[in-house]
Amino acid sequence: MMSSSEISSEELLQGEEKERGREFKQLLSSLPKHKGWKSSHVFQYQGFWYSPDQLQALLACHRHFEARHNDLLLISTPKSGTVWLKALAFAIVNRMHYTDYHRHPLLTNNPHHLVPFLELSLYANGQVPDLASLPSPRMFATHIPRPTLPESITESGCRMVYLCRSPKDVFISFWKFMNKLRPILLGGPPIALEEAFEMFCMGASEFGPYWEHVLGYWKESLRRPERVLFLKYEDLKGDLSSHLKRLADFLGHPFSVEEEREGMVEKIAKLCSFESLSSLEVNKKGTSHRVTNDVFFRKGEVGDWVNYLSPSMIERLDSLTQEKFDGSGPSV
Ligand code: PAP
């Protein structure tokens, strides 16, 4: 039996949690902050901006996540089409397990559930998930910028797929998305386009600045093409079949000649198309993190920004992109 002066492991854990809470509060109070999108503020940490819960989860991920060499990581800035990439990668890697396309897991699960985010899902709310028992290859997603990736990931040499999208479409998608979430998560009024635009341009959007995020992974893809595959949303829209083959090769699950002949590439493209995913019951009515899954499927088009941005906004975004990429970034 334990004497009254002994401390149980549960009490120890509670003490550690309290201490972490104190340290986190201290950290937040030392960071630059700005009005937030779906939290009252976003905070700048190592050059990028996060809501407090995202930052807390990111730090937990740093402390606890143990990457494996054969992990597959899907990475993007928010609203670059992550949910699409998740669906495509999941369908490619698991195609041997799910041959009946009328009973495929993507028909009854939102792709965010099949390929969870490290910081937005697995390590959210102070959880420390048991990921060690998952069979390889494990597939995760993240919005964490390249300079802030946990060391365990960079040292593992695992493969990463980065999905990039034009900043104009990302901004409009982000603004629309946040204005749907704000009343639900924050009880706040919508943010006007002009104010949101200023926040996006100065980088104070979650996981922003957009440009530094893209540039970090773009440069890494040039340095280590065998480890980082850099894809563009617009290219996928233009010629999905050839990019699906590239993706399958990179993920270590190339399509065989027979599979190609049997139309496997087209089958996966169709299963994961905007029309198909957005019409599923699970993606219309199901919920993720207090919001209905339909928020992840708006228009799924290239160039919707023409309907919202003024000529001066277009000029500003174009010159910001030119200035920040300075000839050493991707064309977006
Ligand atoms: P997240 O950061 O919240 O995960 P993410 O999935 O990266 O969002 O991006 C959502 C965008 O991808 C939405 O763009 P829009 O607002 O311009 O419409 C969404 O509609 C689009 N999208 C979702 N599914 C698909 C798909 N299957 N094909 C193409 N685009 C898609």
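Owing to the predicted nature of the structure, the values given are computational and were not obtained by experimental measurement. (Residues numbered from 1 in each chain as written. Predicted model: local features only at pLDDT ≥ 70, side-chain atom pairs only at ≥ 80, totals over all residues. Heavy atoms only, no water.)

Enquirer: Sorry if this is basic, but what is going on with the sheet that holds strand 7 (residues 228-232) here?
Expert: Strands belonging to one sheet form pairs held by backbone hydrogen bonds; the direction of such a pair is parallel or antiparallel. Pairing is parallel in the open sheet, where four strands are placed in the order 5-4-6-7. Both edges of this open sheet fall to strand 5 (139-142) and strand 7, since each of them pairs with a single strand only. Ignoring which end each strand starts from, the neighbouring axes of this sheet average 20° apart. Both strand 6 (residues 159-164) and strand 7 contribute to a ladder of five bridges, which runs parallel. Looking at strand 7, one finds that Met160 is bridged to Val228. With respect to the sheet, helix 11 (residues 240-250) is in contact with strand 6 and strand 7, its orientation differing from that of strand 7 by roughly 165°. (Pairing = 2+ DSSP bridges. Helix = DSSP H or I, 4+ residues; strand = E, 2+ residues; numbered from the N terminus. Axes fitted to C-alpha atoms, helices over the stretch in contact; angles between N-to-C directions. Contact = heavy atoms within 4.5 Å.)

Enquirer: Teacher, can you tell me more about the environment of Asp294 here?
Expert: Within the fold, Asp294 resides in the loop between strand 9 (291-292) and helix 16 (311-325). For Asp294 and Met313, which are 19 residues apart along the polypeptide, the C-alpha to C-alpha distance reads 28 Å. Excluding anything up to four places from it in sequence, Asp294 contacts Asn283 and Lys284. One polar contact links Asp294 to Thr292, side chain to side chain, over a distance of 2.7 Å. (Polar contact = N/O pair within 3.5 Å; in protein donor to acceptor, adjacent residues only side chain to side chain.)

Enquirer: Which parts of the structure should I look at to understand unusual backbone geometry?
Expert: Excluding glycine, residues mostly carry a negative phi; peptide bonds, for their part, are mostly trans. Cis geometry marks the peptide bond from Ser136 to Pro137; its omega dihedral reads -5°. With an omega of 5°, the peptide bond running from Gly208 to Pro209 counts as cis. Here Pro209 lies in the loop between helix 8 (193-201) and helix 9 (210-223).

Enquirer: Would you explain the site of the ligand in this entry?
Expert: The environment of the ligand is made up of 24 residues, and the closest members are Thr82, Ser173, Arg298, Lys299 and Gly300. A distance of 3.0 Å separates an oxygen atom of the ligand from a polar atom in the side chain of Arg165. Considering the ligand on its own, with 650 Å² of exposed area, one finds that the protein chains cover 97% of that surface. Taken together, the elements giving at least two residues each to the shell around the ligand come down to helix 3 (82-93), helix 7 (167-186), helix 10 (233-238) and helix 14 (274-278). Residue contributions to the shell around the ligand peak at three residues, all from helix 3. Looking at the shell around the ligand, its residues break down into eleven nonpolar, eight polar and five charged. (Near = heavy atom within 4 Å. Areas by Shrake-Rupley, 256 points an atom, 1.4 Å probe, with all protein chains shown as cover. Nonpolar A, V, L, I, M, F, W, Y, C, P; charged D, E, K, R; others polar.)

Enquirer: What is the right way to look at the side chain of Asn283 in this model?
Expert: Positionally, Asn283 belongs in helix 15 (residues 281-285). Residue Asn283 is classed as buried on the basis of its relative accessible area of 1%. Apart from the residues lying within four places of it in its own chain, the contact partners of Asn283 are Asn110, Pro111, Leu277, Asn293, Asp294 and Phe297. (Buried < 20%, exposed > 50% of the residue type's maximum accessible area, 1.4 Å probe, protein only.)

Enquirer: Is there a simple way to think about the UniProt feature "domain: Sulfotransferase" (unreviewed entry) in the protein in this case?
Expert: Cross-referencing UniProt, the feature "domain: Sulfotransferase" (unreviewed entry) maps to residues 70-329 in the present numbering. Between the C-alpha atoms that bound residues 70-329 the distance is 28 Å, and the span itself is 48% helix and 9% strand. (UniProt positions renumbered as here; feature names shortened; annotations may be inferred.)

Enquirer: What should I look at first to understand the environment of Tyr50 in this one?
Expert: Residue position: Tyr50 is located in strand 3 (residues 48-50). Here Tyr50 falls in the buried class, since its relative accessible area comes to 0%. Through-space distance from the C-alpha of Tyr50 to that of Ile144 is 9.9 Å; in sequence the pair is 94 residues apart.

Enquirer: Can you walk me through the nonpolar core in this structure?
Expert: Where a protein is soluble and globular, its nonpolar side chains tend to be buried together. Counting 65 residues, the largest nonpolar core has Phe65, Leu118, Tyr123, Ile153 and Phe171 as the members making the most contacts within it. The leading source of residues in this core is helix 7, at eight residues. Those residues in contact with Phe65 that lie beyond four places of it in its chain are Ala60, Asp71, Leu118, Tyr123, Leu131, Arg138, Phe140, Ser152 and Ile153. Grouped together as the second largest cluster of nonpolar side chains are 41 residues, Leu74, Leu88, Ala269 and Leu277 included. (Core = buried A, V, L, I, M, F, W, Y, C linked by side-chain atoms within 4.5 Å.)

Enquirer: Any chance you could explain the sheet that holds strand 2 (residues 41-45) here in plain terms?
Expert: Sheet architecture is open: three strands sit in the order 1-2-3, paired in antiparallel fashion. Since the sheet does not close on itself, it has two edges, and those belong to strand 1 (33-35) and strand 3, each with one partner. Each neighbouring strand pair of the sheet contributes to a mean axis angle of 30°, computed without reference to strand direction. Of the pairings in the sheet, the one linking strand 2 to strand 3 comprises three bridges and is antiparallel in character. In the strand pairing of strand 3, Gln44 is matched with Trp49.

Enquirer: Mind showing me how you'd approach helix 7 here?
Expert: Along an α-helix, a turn takes 3.6 residues, which lines up residues three or four apart on a common side. Of all the bends found along helix 7, the most pronounced is centred on Lys180 and spans about 30°, while Pro183, a proline, follows it within four residues. Of all 20 residues in helix 7, 14 are buried; the element is thus mostly enclosed. Within two residues after helix 7, Gly187 carries a phi angle of roughly 70°, on the positive side. (Bend = angle between axes of the 7 residues up to and from the residue.)

Enquirer: Where do I start with the packing of helix 7 against helix 8 in this structure?
Expert: Each pair of packed helices can be described by the angle between their axes along with the distance between the axes. Taken N-terminus to C-terminus, the directions of helix 7 and helix 8 make an angle of 125°; their axes are 11 Å apart at the nearest point. As judged from the angle between their axes, helix 7 and helix 8 are oblique. For the pair helix 7 and helix 8, the sense of crossing is right-handed. Between helix 7 and helix 8, the residues in contact are Pro167, Val170, Phe171, Ile172 and Trp175 and Leu193, Ala196, Phe197 and Phe200, respectively. For the contact of helix 7 with helix 8, a count of residues per class yields nine nonpolar, no polar and no charged. (Parallel < 35°, antiparallel > 145°, perpendicular 65-115°, else oblique. Left-handed = near helix turned anticlockwise from the far one by under 90°.)

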